[in-house]
Amino acid sequence: MNLREVGRLRVLEALHATPRSSRPELVRVTGLSRATVSSLITDLIAVGLVTEEEPDTDDPEPRRTGRPAQSLSLVPTAGYAIGADIGHQHVRVNLCDLFGTVLWEHWVAKDVDRAPAETLDLVAVLVGRALQETGVARERVLGIGAGIASPVEKGSGELGAEGIMPGWVGLHLTDELRRRTALPVRVTNDANAGALAELMYGAGRQVGDMVYVRLSAGIGAGIVSNGQLLLGARGLAGEIGHLPLIADGLICRCGNRGCLETVASPVAIARLLTQSWGRQIAARDLPALIKQRNTGALRAVRDAGDAVGRALSTLVTLLNPRLIVVGGDLASAGEDLLEPLRAGVRRHTLPSAARGVEIVTGGLGDGAEVRGAAGLVLAGAPHLLSAASSADVA
């Protein structure tokens, strides 16, 4: 990469981080000279990546001297990203512009765990629909980000799905999706995708140290440290759903006994209520039961919140996050879940660490994981756009 390409990347990174900027601000942020910034902006406007707007002449604050700085911004439609959220019982796909604005989204109920080929074919069909229905050309798509309810090996992208998604064991999701869509692919687990979404667009904006915990059919945590996802040596950090909580508890699908997932997931709560009441209760029934203030359902949810709090207390003690964001299906229980969860964290955590952490529900609802999946691609947008614009300028 030559010096001009380095400068172009710095400008694109600055404009990606701050949707509206100006030439003087870009000089300050990038450390480049005024002449270099001006020349690069001219090139980027010429290839359609940057737009420049005249200053607002109706600004009530008069300027003392000089001409107001013109506003510069990336063109939102200069590139797109596709997100795919592959859960145990659903597939969700969206299409976003450069700033993460969702332009198209579709959700399909699907029994995923034992049907990898059918599921990935469905993702490819939804990708095709997204492009057709929005009129976006495939060559304008920077890539697909996929979040999946399985541990994902860093580097290889292989799924560590033993006992979790039986039909997917050893499958290389990156290769399979690339073959079906002819697009670049990035893959992570669903909790990491949710963490990235809340960091970029939701409750975790401006927070460098946070934990996102996803409470759905599977339980996992996405950990953000100093503004970066903490993945661990093999990409498996944050699998708190498989922390042992009860020594003689139920056997988990991972093969261990008494994992958090066996007592605090919506599936576990529904199983408990089924056994207690002698009639079939499904996880999808829980929101209605909570809304009705059913005492048994509320007690089960509060017990689950306490269990999650105990598990999270370990992360709070070890990682000292400033924020815990709770997402996933069970987050809809709101304070009925959060109050005992906070109490569990306080009870089992170093007091000074517990006092410094805020615990809230996510700001993006059930769309967090799919937005974060697209965010995997968008986080690298400046590099991708810089490489493309180098060829265009040349």
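Preceding this section is the structure that the text describes.
Residues numbered from 1 in each chain as written. Predicted model: local features only at pLDDT ≥ 70, side-chain atom pairs only at ≥ 80, totals over all residues. Heavy atoms only, no water.

Asks: Would you take a moment to explain the overall build of the protein for this structure?
Replies: Tallying secondary structure elements over the protein gives 14 helices and twelve strands in all. For 394 residues, the compact-globule formula gives about 21 Å, and the C-alpha radius of gyration of the protein, at 23 Å, lands near that figure. Taken over the C-alpha atoms alone, the protein extends approximately 75 × 50 × 40 Å along its principal axes. Taken over 394 residues, the protein has a buried fraction of 51%. Sequence-distant contacts in the protein: of pairs separated by 6 or more residues, those separated by 24 or more amount to 62%. As displayed, the protein offers around 18,200 Å² of accessible surface, 50% of which is attributable to carbon and sulfur atoms. Across the protein, the centroid of the 40 positively charged side chains sits 3 Å from that of the 42 negatively charged ones. (Helix = DSSP H or I, 4+ residues; strand = E, 2+ residues; numbered from the N terminus. Rg over C-alpha atoms; globule rule 2.2 N^0.38 Å. Buried < 20%, exposed > 50% of the residue type's maximum accessible area, 1.4 Å probe, protein only. Contact = heavy atoms within 4.5 Å. Areas by Shrake-Rupley, 256 points an atom, 1.4 Å probe, with all protein chains shown as cover. Lys, Arg positive; Asp, Glu negative; His and termini not counted. Charge placed at Lys NZ, Arg CZ, Asp CG, Glu CD.)

Asks: Is there a simple way to explain the nonpolar core in this structure?
Replies: Soluble globular proteins tend to pack their nonpolar side chains together in the buried interior. The biggest cluster of nonpolar side chains holds 39 residues, and the ones touching the most others in it are Leu-312, Ile-324 and Val-326. The set of elements that each furnish at least two residues to this core consists of strand E8 (210-215), strand E9 (219-225), helix H8 (266-277), helix H9 (286-291), helix H10 (295-319), strand E11 (323-327) and helix H11 (335-348). Per-element tally for this core: the top contributor is H10, with eleven residues. Setting aside chain neighbours within four positions, we find Leu-312 in contact with Val-211, Val-213, Ile-240, Ile-324, Leu-341 and Val-345. Ranked by size, the runner-up nonpolar core spans 38 residues in total, among them Val-11, Leu-32, Leu-44 and Leu-74. (Core = buried A, V, L, I, M, F, W, Y, C linked by side-chain atoms within 4.5 Å.)

Asks: Which parts of the structure should I look at to understand the sheet that holds strand E4 (residues 90-97)?
Replies: What links the strands of a sheet is backbone hydrogen bonding, and the strands pair in either a parallel or an antiparallel sense. Read across the open sheet, the five strands follow the order E5-E4-E3-E6-E7; overall the sheet is mixed. Each having just a single partner strand, strand E5 (102-109) and strand E7 (185-189) make up the two edges of the open sheet. Each adjacent strand pair in this sheet contributes to an overall mean axis angle of 15°, direction not counted. Here seven bridges tie E4 to E5, and the two strands are oriented antiparallel to one another. (Pairing = 2+ DSSP bridges. Axes fitted to C-alpha atoms, helices over the stretch in contact; angles between N-to-C directions.)

Asks: Looking at this structure, I do not really get the pattern of salt bridges. What am I missing?
Replies: Side chains carrying opposite charge are able to pair once their charged atoms draw close together. Scanning the entire structure with this criterion turns up 21 salt bridges. For Arg-92, the salt bridge is made with Asp-366, and the minimal N-O distance between the two is 3.6 Å. Residue Arg-92 is located in strand E4, and its partner Asp-366 is located in the loop between strand E12 (358-361) and helix H13 (368-378); the two are separated by 274 residues in the primary sequence. Owing to a relative accessible area of 9%, Arg-92 belongs among the buried residues under this scheme. Among the residues examined, Asp-366 registers a relative accessible area of 57% and is labelled exposed. Residue Asp-190 is joined to Arg-214 by a salt bridge in which the shortest nitrogen-to-oxygen separation is 2.9 Å. Of the two residues, Asp-190 is situated in helix H6 (residues 190-200) and Arg-214 in strand E8; the sequence distance between them amounts to 24 residues. Given the relative accessible area of 9%, Asp-190 is considered buried. Connected through shared salt-bridge partners, Asp-121, Glu-176, Arg-179 and Arg-180 make up one network. (Salt bridge = Lys/Arg side-chain N within 4 Å of Asp/Glu carboxyl O.)

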